[in-house]
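Structure assessment
Here's the letter readout for the chains.
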Amino acid sequence: NAAIDGSGSGSISSSPLGISCGSDCAEVFSIGTSVNLTATASPDSVFTGWGGACGGAGACSVTMNADTAVTANFTKRLTLLSPNGGQVWRKGTNQTIAWTSTGMNAKAKVKVDYSADGGSSWTTIIKPMANDGNQKWKVNKLPTGQGRMRVCTTTAPIICDVSDGNFTIQ
């Protein structure tokens, strides 16, 4: 059996053919068959390593002698940390918008967008800047209980992460 875990996404394929995980994560192979597994991250994710019968981030090869479980772990390239839902920010205060990035080019630039309507429409509040993981913002928007932030790369492929829930501006 193959499985996918972590905050990111991707797929697992096998040689010989049989496993195509996303859709087919279990396959029966003859005893003694050597199965090579390949993990492929989605554009917004990074493969961070194997778990189960394989370990580390290198090649995964398993000789079938019994039921075997393997997990491919993927991490999102960009993760918005704050505001991520539930915060109450007061108009006129300085707040920190924070995010993490994994496996991205150090020269990558990001921009920050704001939504007052739960993500239905967006306005850029911080123009492209260095991807350093945080940016101060003086809260200058009208009160809302449906605030959301979005951090996006400005280079192809465009990768974004959005607040998991609404935050409030008072």
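This write-up is about the structure you can find in this document.

Topic: the nonpolar core
Soluble globular proteins tend to bury their nonpolar side chains together. Counting 19 residues, the largest nonpolar core has W89, I97, W99, W137, M149 and V151 as the members making the most contacts within it. Broken down by secondary-structure element, the contributors of at least two residues to this core are β8 (78-82), β10 (94-101), β11 (109-115), β12 (123-130), β14 (144-153) and β16 (167-169). Per-element accounting of this core gives the leading share, three residues, to β11. Of all hydrophobic cores here, the second largest spans 17 residues; its members include I19, V35, C60 and A72.

Some words on the packing of aromatic side chains
Scanning the entire structure with this criterion turns up six aromatic pairs. Between F47 and W50, the aromatic rings sit 5.2 Å apart at their centres with planes inclined by 65°, giving edge-to-face as the arrangement. Accessibility classification places F47 together with W50 in one group, the buried group. Ring geometry for W89 against F167: centres 5.2 Å apart, planes inclined by 50°, an arrangement best described as tilted. Remark: F167 occurs in strand β16 and W89 occurs in strand β9 (residues 88-89); sequence separation between them is 78 residues. For W89, a relative accessible area of 5% translates into the label buried. Taken together, the aromatic side chains of W89, Y114, W137 and F167 make up a single cluster linked through ring pairs.

Digging into the sheet that holds strand β13 (residues 134-138)
Pairing within the open sheet is antiparallel, and its three strands lie in the order β8-β10-β13. The outermost strands of the open sheet, each flanked by one partner alone, are β8 and β13. For this sheet, the mean angle separating the axes of adjacent strands, direction not counted, is 25°.

What about the sheet that holds strand β1 (residues 2-5)?
The strand order β1-β7-β5 describes an open sheet built from three strands, whose pairing is mixed. Looking along the sheet, the strands with just one partner apiece sit at the ends: β1 and β5 (45-52). Sheet twist, expressed as the mean angle between neighbouring strand axes with direction ignored, is 25°. As paired strands, β1 and strand β7 (residues 70-76) are joined by four bridges and run parallel to one another. When the bridges of β7 are listed, I4 appears paired with A72.

The rules behind these values
Residues numbered from 1 in each chain as written. Predicted model: local features only at pLDDT ≥ 70, side-chain atom pairs only at ≥ 80, totals over all residues. Heavy atoms only, no water. Core = buried A, V, L, I, M, F, W, Y, C linked by side-chain atoms within 4.5 Å. Buried < 20%, exposed > 50% of the residue type's maximum accessible area, 1.4 Å probe, protein only. Helix = DSSP H or I, 4+ residues; strand = E, 2+ residues; numbered from the N terminus. Phe/Tyr/Trp six-rings, centres within 6.5 Å; stacked < 30°, edge-to-face > 60°. Pairing = 2+ DSSP bridges. Axes fitted to C-alpha atoms, helices over the stretch in contact; angles between N-to-C directions.

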